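Take a look at the letters that make up each chain.
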Amino acid sequence: PGGGAGAGSHKSGYAIHVYTANDSMRSTSFANADGDFLVVPQEGPLLLRTEFGRLKVSPGEIFVVQRGIRFSVDLLGETARGYILEIFEGHFSLPDLGPIGANGLANPQDFKSPVAWFERDGQTRPYDVVHKLDGQLFSAHQDFSPYNVVAWHGNYAPYKYDLADFCPMNAVNFDHPDPSIFTVLTCASQEPGTAVADFVVFPPRWSVAENTFRPPYYHRNCMSEFMGLIHGEYEAKKGGFLPGGASLHSCMSPHGPDTTTFEKASNQSEEPHHIGRDTMAFMFETNLFPKLTAAAMAAPTVDRDYYKCWVGLRQHFVLPDDDNKQEQQQQQQGRSPSRSNGLIF
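### Some thoughts on the state of the cysteines
Here's step 1: Per the counting criterion, the structure on display carries 0 disulfides.
Here's step 2: Of the cysteine sulfurs around cysteine 222, a residue in no disulfide, the closest is that of cysteine 251, at 6.5 Å.

Below you can see the structure in the form of structure tokens.
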């Protein structure tokens, strides 16, 4: 695990993991008593075998396996890697769309659960079942397959979702909305308006806002943000944030686009432009304080110079007299004074 807050024994909090694999689970099954898994494959397609049936999941898709469900993962390529968000309380659900209405963001009909399936040699195929309880792993051997369910009904079943089906909302006039408009799934907390964890995606889309700093603005907030990149480039750190990588911005830590992105966005034309035809970034967002594991802190791949992406940012505040002169000059040149809801103008 990379970090998190709370514990499965308290049924409170969450954990974030990064996985790599070079072999299938074959005759090993896994069940998590601590909480629900939301898995984001970044590299390598997977075949998920569960008590409810099978799901093929490729990068660009996600899948959710709820607490207690036994499952195995087989590789459909040589290797695989990705990200996992584990919640110890509640379950993932669609966000309240509010004024958006009935349609938009992630639509219910696009989530797919498996149809019933069982292993035909299951009566004689032995399995090792690994059970996760309070962060510890326990193993037991059995002489038959756990995948012996011939039919099922109900709504407590694993599911997958293709992120290409996400219907994004965005500003079509000015300013930059909060990233909550990109929420795919959420696990609500007891405090209204905040979440134990949100899964947020930043898909290909058009950017058309006028008189606006279009990339994500500089900010700090009450949520902690774990960013990941499935493929392509992330608009706020092009070239400095690679697929398979991750960043963590903790509660009330200021952050935003790197210097290069800021300078480019501050001087580009206001013509509509597309934010990458082949990009897919995401965020695990939580109102809880994440604590990193010792393994994550000691990882040789940690970018100790990450802060340097903001070196070179200059203040653009001007005195009122100069501000009036600047506004008059802009109006004379036929340009409107720029809007921004960030910290750097």
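### Let's talk about the sheet that holds strand S18 (residues 246-249)
Here's step 1: Ordered in space as S14-S15-S20-S17-S18, the 5 strands form an open sheet in which the pairing is antiparallel. The open sheet has two edge strands with one neighbour each: strand S14 (183-188) and S18. Averaged over neighbouring strand pairs, the angle between their axes works out to 15 degrees when direction is ignored.
Here's step 2: Pairing between strand S17 (residues 224-231) and strand S20 (residues 280-286): 7 bridges, direction antiparallel. Looking at the pairing, methionine 227 lines up with methionine 283 of S20.

### Section: a nonpolar patch on the surface
Here's step 1: A surface patch of nonpolar side chains, amounting to about 250 Å² of accessible area, comprises Leu248, Leu292 and Met297.
Here's step 2: Within the secondary structure, leucine 292 is located in strand S21 (residues 291-292).
Here's step 3: Exposure remark for leucine 292: the relative accessible area of 44% places this residue in the partly exposed category.

### Side note on the nonpolar core
Nonpolar side chains in soluble globular proteins tend to be buried together.
Here's step 1: Grouped together as the largest cluster of nonpolar side chains are 41 residues, with contacts concentrated most on Leu38, Val40, Phe92, Val184, Leu185, Phe199 and Phe284.
Here's step 2: The biggest single contributor to this core is strand S15 (residues 195-202), with 6 residues.
Here's step 3: In contact with phenylalanine 92, not counting residues within four places along its chain, are Asp36, Leu38, Val64, Leu85, Ile87, Tyr159, Leu185, Thr186 and Cys187.
Here's step 4: Counting 19 residues, the second largest nonpolar core, distinct from the first, contains Val39, Leu46, Ile69 and Phe71.

### Describing the environment of aspartate 96
Here's step 1: Position of aspartate 96 among the secondary structure elements: in the loop between strand S9 (80-87) and strand S10 (111-112).
Here's step 2: C-alpha separation for the pair aspartate 96 and glutamine 142, spaced 46 residues apart in sequence, amounts to 43 Å.
Here's step 3: Here the side chain of aspartate 96 touches glycine 98 through a polar contact of 3.1 Å, landing on its backbone nitrogen.

### Points about the sheet that holds strand S2 (residues 12-21)
Here's step 1: Reading across the sheet, the 8 strands line up as S10-S13-S7-S4-S9-S2-S1-S21 and stay open at both edges, with antiparallel pairing between neighbours. A strand with exactly one partner marks an edge of an open sheet, and here the two such strands are S10 and S21.
Here's step 2: Bridge count between strand S4 (residues 36-43) and S9: 7 bridges; the pairing is antiparallel. By the bridge assignment, proline 41 is partnered in S9 with glycine 82.

### Topic: the environment of leucine 38
Here's step 1: Secondary-structure assignment places leucine 38 in strand S4.
Here's step 2: Note on leucine 38: relative accessible area 0%, which makes it buried.
Here's step 3: Placed 29 residues apart in sequence, leucine 38 and serine 9 show a C-alpha to C-alpha distance of 19 Å.
Here's step 4: Excluding residues that lie within four positions of it along the chain, leucine 38 makes contacts with Ile62, Phe63, Val64, Tyr83, Ile84, Leu85, Phe92, Leu185, Phe199 and Phe284.

### Some remarks on the pairing of S14
Here's step 1: Across the 6 residues of S14, 5 count as buried, placing the element largely inside the fold.
Here's step 2: Inspection of the sheet shows S14 paired to S15 by 5 bridges, in the antiparallel sense. If you follow cysteine 187 over to S15, its bridge partner there is alanine 197.
Here's step 3: Taking the residues that link successive antiparallel strands as the turn, the S14-S15 hairpin has 6 residues, and the phi of glycine 193 there is positive, at about 90 degrees.

### Brief notes about helix H1 (residues 259-267)
Here's step 1: Burial in H1 covers these residues: Thr259, Thr261, Phe262 and Ala265. All buried residues of H1 fall inside an arc of 160 degrees around its axis, so they share one side. Seen from the open side of H1, the exposed residues pointing more than 90 degrees away from its buried face are Thr260, Lys264 and Asn267.

### Digging into the confidence of the model for the protein chain
Here's step 1: Averaged over every residue, the pLDDT of the protein chain is 91; the share at 70 or more is 93%.
Here's step 2: Note that residues 338-345 has pLDDT below 50 and, in this model, 24 contacts with residues that lie over four places away or in other chains.

### Considering the side chain of arginine 49
Here's step 1: Locating arginine 49 in the fold gives a position in strand S5 (residues 46-50).
Here's step 2: Given the relative accessible area of 5%, arginine 49 is considered buried.
Here's step 3: In terms of polar contacts, arginine 49 uses its side chain to reach the side chain of glutamate 119, at 3.0 Å.
Here's step 4: There is a polar contact of 2.7 Å between the side chain of arginine 49 and the side chain of tyrosine 127.
Here's step 5: Residues contacting arginine 49, with those up to four places away along its chain left out, are Met25, Arg26, Arg54, Arg70, Phe71, Ser72, Asp74, Trp117, Glu119, Arg125, Tyr127 and Tyr147.

### A closer look at the pattern of salt bridges
Here's step 1: The full count for this structure, using the stated rule, is 11 salt bridges.
Here's step 2: With a closest N to O distance of 3.3 Å, lysine 160 and glutamate 61 form a salt bridge. Of this pair, lysine 160 sits in strand S13 (residues 159-162) while glutamate 61 sits in strand S7 (residues 61-65); the two residues are 99 residues apart in sequence, bridging distant segments of the chain. For the pair lysine 160 and glutamate 61, a shared accessibility class is recorded, and that class is buried.
Here's step 3: Between arginine 125 and glutamate 119 there is a salt bridge, with the nearest N and O atoms lying 2.9 Å from each other.
Here's step 4: Look at arginine 125 and you get partly exposed, because its relative accessible area is 23%.
Here's step 5: The structure contains a network of salt bridges with shared partners spanning Arg49, Asp74, Glu119 and Arg125.

Conventions adopted
Residues numbered from 1 in each chain as written. Predicted model: local features only at pLDDT ≥ 70, side-chain atom pairs only at ≥ 80, totals over all residues. Heavy atoms only, no water. Disulfide = S-S within 2.5 Å. Pairing = 2+ DSSP bridges. Helix = DSSP H or I, 4+ residues; strand = E, 2+ residues; numbered from the N terminus. Axes fitted to C-alpha atoms, helices over the stretch in contact; angles between N-to-C directions. Patch = residues over 30% accessible without salt bridge, like charges linked within 9 Å, V, L, I, M, F, W, Y side chains within 5 Å. Areas by Shrake-Rupley, 256 points an atom, 1.4 Å probe, with all protein chains shown as cover. Salt bridge = Lys/Arg side-chain N within 4 Å of Asp/Glu carboxyl O. Buried < 20%, exposed > 50% of the residue type's maximum accessible area, 1.4 Å probe, protein only. Core = buried A, V, L, I, M, F, W, Y, C linked by side-chain atoms within 4.5 Å. Contact = heavy atoms within 4.5 Å. Polar contact = N/O pair within 3.5 Å; in protein donor to acceptor, adjacent residues only side chain to side chain. Arc of directions from axis to C-beta. pLDDT = per-residue confidence, 0-100.

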